[in-house]
Amino acid sequence: MIPKDPTQRWLRELAALSQQLQQVHPNVLAKILRQRTVYQNEEIVVIDKPYGLPVHGGPGIKNCIADVLPILAKMLENMKAEPLHLCHRLDKETTGVMVLARSKEAAEKIRLLFKTRQVEKIYWAIVLGDPDPVEGVVEIPIVEKEVQSHQSHYKMTLAPNYRLCPEDGKVMKIRKNRNAERAVTRFRRLASASACSLLELQPITGVKHQIRVHLAYGLGCPILGDHKYSHWSKLAPQKLPELTLRRLKLEQSKARHLPLHLHAHRLCLPLGQPLDFVCKLPLFFQKTLRKLELDIPKD
């Protein structure tokens, strides 16, 4: 039963995004990843990661990238190929450039490049609101905390080194949180419309959920469809501005179907000569840009 109303159809497509890959046979998933291969040489395979596919397994997860690496290697090479290796992680909802290694040695080499911040990563995200300033750097440490609400859960959050003194409004340094990790994200606004902005992001460090936390809690501009980091204690769908809802032809009650709009757009890997990979935006992301009248700059 396909709904006639295009908005209903779009919602149905969005809701199906993360479901469909959980329901296919692992061989089918490996085939999908093979079709999404953007580059390969003797050391690496680069794929365009689809939406809603976790990298690692866990409770309630039937399919993940890690599990199909042996099948994918055989499909790309031959039956004797050793399984591919993970080199870095992307959130389940994030799309775009992902590097896999063909051998343990290559994987270790590439992990070290990530660890020593020699890999340049560029992400694109649609966020709610308009960042002020329109470009800059967020440098605030991040720590994982338990959220005390009716059902307790964990979230990453900011652990600033400074706060404003309530008496005189002056900036004062505070004691460091032992468990907090240094986190640095460059950002730049590419376009804004419909109470939203398109941002280009460059995470300098690689802390879990770093971009999402820095945008939501640091800049006050949560990523469109980030239902986890749009508030602190409640597990509820993101609240969208009137104008955004209108442009998306969406009711607030259906906001929970909106996917996270975060895409790993480009990655530059210094392996011998610098290798530069680009993955174009997924269709749902392009559709949202059109609906919100956010124009991608041509440069």
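Everything quoted here is computed from the prediction, not taken from an experiment.

Calculation notes
- Residues numbered from 1 in each chain as written.
- Predicted model: local features only at pLDDT ≥ 70, side-chain atom pairs only at ≥ 80, totals over all residues.
- Heavy atoms only, no water.
- 1 Å grid on protein atoms, 1.4 Å probe; cavity = no way out; pocket = protein on both sides within 12 Å on 5 of 7 lines; lining within 4 Å.
- Points joined across faces, edges and corners; volume = space filled by probe spheres on them.
- Helix = DSSP H or I, 4+ residues; strand = E, 2+ residues; numbered from the N terminus.
- Nonpolar A, V, L, I, M, F, W, Y, C, P; charged D, E, K, R; others polar.
- Contact = heavy atoms within 4.5 Å.
- Buried < 20%, exposed > 50% of the residue type's maximum accessible area, 1.4 Å probe, protein only.
- Core = buried A, V, L, I, M, F, W, Y, C linked by side-chain atoms within 4.5 Å.
- Arc of directions from axis to C-beta.
- Phe/Tyr/Trp six-rings, centres within 6.5 Å; stacked < 30°, edge-to-face > 60°.

Novice: What is the right way to read empty space enclosed by the protein from this model?
Specialist: In this approach, a probe sized like a water molecule rolls over the atoms, and the result shows the empty space that is left. Tallying each qualifying case throughout the model produces one cavity of 30 Å³ or more. The space that makes up the largest cavity amounts to roughly 40 Å³. Taken together, H88, L90, V97, K121, I122, Y123, A264, H265, R266 and L267 form the lining of the largest cavity. Elements supplying a minimum of two residues to the lining of the largest cavity: β5 (120–128) and β13 (262–271). Here the lining of the largest cavity takes four residues from β13, the largest share from any one element. Of the residues belonging to the lining of the largest cavity, the class tally is six nonpolar, two polar and two charged.

Novice: Just checking my understanding: could you explain the environment of C165 for this structure?
Specialist: Summarising the element assignment, C165 is placed in the loop between β9 (162–164) and β10 (171–173). Not counting residues within four places of it along the chain, the set of residues in contact with C165 comprises K170 and M172.

Novice: Sorry, what's going on with helix α5 (residues 210–218) here?
Specialist: Within an α-helix, residues lying three or four positions from one another point in the same direction, as the helix has 3.6 residues per turn. Here α5 lies mainly inside the structure; seven of its nine residues are buried. Those residues of α5 that fall on the buried side of the exposure criterion are Q210, I211, R212, V213, H214, L215 and A216. Two residues or fewer after α5 comes G220, characterised by a positive phi angle close to 70°.

Novice: What exactly am I supposed to notice about the nonpolar core here?
Specialist: Considering soluble globular proteins, one finds that nonpolar side chains tend to be buried as a cluster. Core analysis: the largest hydrophobic core is formed by 63 residues, its most contacted members being I65, I126 and L201. Considering every element that reaches this core, the biggest residue donor is β5, with seven residues. Aside from chain neighbours lying at most four places away, what touches I65 is L33, I47, K49, L53, P54, V55, L86 and M98. Membership of the second largest hydrophobic core comes to 18 residues, among which are V46, I110, V119 and F277.

Novice: What should I look at first to understand the layout of surface pockets in this one?
Specialist: Space inside the largest pocket adds up to approximately 810 Å³. In this structure, the largest pocket is lined by 32 residues; those nearest its centre are S18, Y51, K92, E93 and R212. At the level of elements, α1 (6–23) and β8 (153–158) are the ones that each hand at least two residues to the lining of the largest pocket.

Novice: Would you mind going over helix α2 (residues 26–35) with me for this structure?
Specialist: Three or more residues of α2 are buried, namely L29, A30 and L33. One side of α2 carries all its buried residues, which in axial view fall inside an arc of 100°. If you follow the buried residues of α2, they end up packed against α1, β1 (37–40), β2 (44–49) and α3 (65–76).

Novice: Looking at this structure, how should I read the packing of aromatic side chains?
Specialist: Remark: the centre distance and the inter-plane angle together describe each pair of aromatic rings, the angle taken between the planes. Under the counting rule described, the total for this entry stands at five aromatic pairs. Judged by centre distance (5.3 Å) and plane angle (75°), the rings of Y51 and F284 are edge-to-face. Here F284 lies in helix α7 (residues 283–292) and Y51 lies in the loop between β2 and α3, a separation of 233 residues in the sequence. Here Y51 matches F284 in class, with each residue buried. Arranged with centres 6.5 Å apart and planes meeting at 50°, the rings of F284 and F285 form a pair that is tilted. F285 carries the same exposure label as F284, and that label is buried. A connected cluster of aromatic rings, assembled from ring pairs, spans Y51, F284 and F285.

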